[in-house]
Amino acid sequence: MVATRHAEIVIIGGGAVGCSIAYHLAKLGKRDVVLLEKAQLTHGATWHAAGLVGQLRTKRNLTRLMQYSAELYGRLEAETGQAVDWHPVGSLRIASSPERWQEIRRTATIARSFGFELHLISAKEAQEKFPLMTTEGVVGAAWVPTDGYVDPYSLTQAYAKGARQGGVKIHENTRVLELTVAGRRVTEVVTDQGTWSADVVVNAAGLWAKEVGRLAGVAIAAGVVEHQYLVTEKSERVPAGLPTFRDPDKLFYLKGEPGALALGGWEPDTVPFGERGMPADFARQLLPSNFERFEQIAALTQERLPIFGELGVRSLINGPIPVSADGEPILGPAPELDNFFVACGFTAGIAGSGGGGRAIAQWIVEGDPGMDLWSFDVRRFGPQHAARAVLSARAVEAYGGYYLLHYPGEERHAARGLRRSPLYDTLKARGAVFGARFGWERPVWFAPPGVEAVDRPSFGRPNWFAQVGVEHCAVRERVALIDQSSFSKFEIKGPGALKALQGIAASDLDKPVGSTIYTQLLNAKGGIEADLTLSRIGEQAFYLVTGSAFGVRDRATVERHLPRDGSVSLYDVTNRYAVINLCGPLGRQVLAAVADEDVSNAAFPFSTCRRLTLGGASVRAVRIGYVGELGWELHIPVEYAAGVYDLLRAAGEPLGIADVGYRAIDTLRMEKGYLYWSSDITPDYTPFEAGLGFRVSFRKGDYLGRAALEKQKAEGVKRKLCTFILDAAVTFAGSEAIHHGGKVVGTTSSANWGHTVGKMIAFGYLPAALAGERHFEIEAYGERYPAERVEGPLYDPKNERLKA
């Protein structure tokens, strides 16, 4: 069908999120915007949402999104003339167990690190704010005075009115039938009311987001499940102006209605809806109420609110809501296409619509959402996460886990075993306890005989702490094997490959064939979009290795900067090669015993790669590492991996060779001062701020972000990543508040125990003016602990062991 109309930007979906995107695009000066809604605005999930707005999340930037939403709701009516029915009544989160109180105290610490207003109060103080509750079993509560609730319908209409005032056209009763894709672009949106051509297309289709994605050939891990909430009959005993109320130990949330209560919960046994496709004609409809399933929520509610058992039931509302494969929203540019944006999977869509809509609008107009949003990024998922069986199981788990206690290091359990290394069975027999990353089963630690091979996470030291220490020492003192087959691996080849990669990498990649370069890929602001290694395997050929979870994102980053004439190709070879990391001071003895070639330091220096023959296998060996010891990443054709493992294992037995998991890698890298992308370094931070200036080259030609880095180097950085050590046997997990001079001055980015140095180690950014100070305090679970800022890596600061 030939397009009869054109719009610069077409938004598909007229719920709160889609209308917010339209509103914010108009605020950014975009007038040629069209929003298409298949029924009426709010139809789908928005119209029956409860409308609670809770702002605090575990990450600073995610909290900033929610804070912006709350701030916007307070002024949107005055701006647009459309009532939004915003009630900033505050919120209570109750701790009905000591474990929950520990979690809430950690949350309070995180809030302080963000500068977010949250107060820890007693059970009695909570009851004063919410007189209907009983204090029995209540250890304490968190009070957030700026939270509240809003009417979802009115809010969406206010977005729409503001968008229209800015020139946006909204077409209701317009169903999208097809999306025409040419190359890497969606060129046409075909509807039952005609065809639109577009420069940019946004999928904000809510419950139908997966179906709309499929029209564009984009797999989206956005599922749908049933969610219920109950509205009581009115009673004079229900006071006006109640704050919103959450008792996660009892699985329920609540807001006040005029003379009544509206409460819902997150039961563990909800069911998916529309697994084989959402009904196209589903609009302002509900699902049959399930009182039997809601009974568990009702019983727990009555324990905390005795009045609930005395109030009649006006209605039990059962409606479908979006839930992604990990329970978080899905935002950003689809990696498969250059002009297709995704904004869906919002379980808390009302709370997130303001900030999420602004982020997508900025992403479209400015090429950047304004902050690092990796936790919400569409590129954190792969096609396997959108598969029906996987998505349904993950969505139900995420929904049911919404109010469960979540501990540092906790693993998900649904839809496990998707991808397995060729060493999986061998390592399992040797006591491996597996975690999951991007569908891969990866050994995180090894249980020796007599030790239960199961994770038992904790807010203190978990059950794996001692054994991880044993593995840590094996790497430091002897030699170890680590299965890192889950690395994302790509080959980039063709005339112009060097030039294309030089244009986005901070380091100079024009090194001799056989060189391995650790580098960052940058954005225009000099922020770190990726942290990876590139091995030059030919004059115009490179081998890229990055983290398991970052492959989709990093591939998209590279592909967007490759020549459009097809002269340079990128191949995903992740599944072609297994990876064994052979590391430790005795590693060369093991490798020399099985390799046909010379592996001396002179023949095979640090930061190089070459072919080795191990047994009958031709292996790409890369002398690089993330643990701070002599070592090689051995990239092995998968059919040879088990045999190579056996060879290495046999050669290392006399030397005390050990199997080691990913949790030991983290303790080892902390001692060495190695950074982790998504926590220590993100698009918000530059190499100079992160202490990676030694990886930045100004001796090569122009590249993305160079101008920003030159300016920053000339003017000096305003913040620096610093290392802290603590003698206290405390457990940190990142996002703890850093105090100095009676003020919060920073936030830890990551932390772990250093088993060699015998201290807790934390990284965190400080204002440059304080980066020379020595004495600080770091707060965890409401307690402050003395911390010393130290210079440089704690272990092998001269790299003598690494380059031995």
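Caption draft 1: Structural detail: the overall build of the chain. Regarding its fold elements, the chain presents 18 helices and 38 strands. Relative to its length of 804 residues, the chain is compact, with a C-alpha radius of gyration of 27 Å against a globular reference of 28 Å. Across its three principal axes, the chain shows a C-alpha extent of roughly 85 × 65 × 55 Å. When each of the 804 residues of the chain is scored for burial, the buried share is 61%. Long-range pairs, those at least 24 residues apart, make up 73% of the contacts in the chain with a sequence separation of at least 6. Carbon and sulfur atoms form 50% of the exposed surface of the chain, whose accessible area is close to 29,600 Å². With 89 positive and 90 negative side-chain charges, the chain shows a separation of 4 Å between the mean positions of the two kinds.

Caption draft 2: Representation of the pattern of salt bridges within the structure. Applying the stated rule across the entire model yields 49 salt bridges. A salt bridge links Glu79 to Arg75; the shortest N-O distance between them is 3.2 Å. For Glu79, a relative accessible area of 31% puts it in the partly exposed group. Owing to a relative accessible area of 30%, Arg75 belongs among the partly exposed residues under this scheme. Among the ionic pairs, Arg293 bridges to Glu226, the shortest N-O distance being 3.1 Å.

Caption draft 3: Spotlight on the sheet that holds strand S20 (residues 432-437). Strands sit in the order S19-S21-S20 across an open sheet of 3 strands; the sheet is mixed. The open sheet terminates on both sides in strands that have one partner only, identified here as strand S19 (419-420) and S20. The pairing of S20 with strand S21 (residues 440-446) spans 6 bridges and is classified as antiparallel. The residue bridging Ala432 from the neighbouring strand is Phe446, located in S21.

Caption draft 4: Structural detail: the packing of helix H15 (residues 587-594) against helix H16 (residues 638-652). As a packed pair, H15 and H16 sit with axes 9 Å apart at the nearest point and diverge in direction by 120 degrees. Comparing their axes, H16 and H15 come out oblique. Every pair of crossing elements has a handedness; the one defined by H15 and H16 is right-handed. Side by side, H15 and H16 meet where Val590, Ala593 and Val594 of the first sit next to Leu647, Leu648, Ala651 and Gly652 of the second. Taken together, the residues of the contact of H15 with H16 break down into 6 nonpolar, 1 polar and no charged.

Caption draft 5: Seen up close, the side chain of Glu37. Inspection of the secondary structure puts Glu37 in the loop between strand S2 (33-36) and strand S3 (52-53). In this structure, Glu37 is buried with no salt-bridge partner, the nearest side chain bearing the opposite charge being Lys38 at 5.5 Å. Once residues lying within four places of it in the same chain are set aside, the contact partners of Glu37 are Gly13, Gly14, Gly15, His43, His171, Glu172, Asn173 and Thr174.

Caption draft 6: Region of the structure containing the pairing of strand S33 (residues 719-726). Counting buried residues in S33 gives 6 out of 8 residues, a clear majority hidden from the surface. Both S33 and strand S38 (residues 783-790) contribute to a ladder of 3 bridges, which runs antiparallel. Across the sheet, residue Thr723 finds its bridge partner in S38, namely Val790.

Rules behind the numbers
- Every residue gets a number counted from 1 within its own chain, in the order that chain's sequence is written.
- This being a predicted model, a pLDDT of at least 70 is required before a residue's local features are given, and a value of 80 or more before pairs of side-chain atoms are given or counted; all residues contribute to the totals for chains, interfaces and linings.
- Side-chain metrics in this entry use all non-hydrogen atoms of the structure; hydrogen atoms and water are not considered.
- What counts as a helix is a DSSP run of H or I of at least four residues, what counts as a strand is a run of E of at least two, and both are numbered from the N terminus.
- Radius of gyration here is computed from C-alpha atoms only, and the compact-globule reference equals 2.2 Å multiplied by the residue count raised to the power 0.38.
- Each residue gets one of three labels from its accessible area relative to the maximum for its type: buried under 20%, exposed over 50%, partly exposed in between, using a 1.4 Å probe on protein chains only.
- Contact definition: two residues touch when any of their heavy atoms are within 4.5 Å.
- Here the Shrake-Rupley method, with its probe set to 1.4 Å, supplies the accessible areas, and only the displayed protein chains count as covering residues.
- Asp and Glu count as negative and Lys and Arg as positive, but His and the ends of the chain are not part of the count.
- Each charge is placed at NZ for Lys, CZ for Arg, CG for Asp and CD for Glu.
- For salt bridges, the criterion is a side-chain nitrogen of Lys or Arg within 4 Å of an Asp or Glu carboxyl oxygen.
- By the convention used here, strands pair only if DSSP detects at least 2 bridges between them.
- Between N-to-C directions, angles cover 0 to 180 degrees, with each direction set by a line fitted to C-alpha atoms, over the stretch in contact for helices.
- In these notes the angle categories are as follows: under 35 degrees is roughly parallel, over 145 is roughly antiparallel, 65 to 115 is roughly perpendicular, and the rest is oblique.
- Note on convention: near helix rotated counterclockwise from far helix by under a right angle means a left-handed crossing. Clockwise means right-handed.
- When residues are grouped by polarity, Ala, Val, Leu, Ile, Met, Phe, Trp, Tyr, Cys and Pro land in nonpolar, Asp, Glu, Lys and Arg in charged, and all others, Gly among them, in polar.

Geometric values such as these leave the question of function open.
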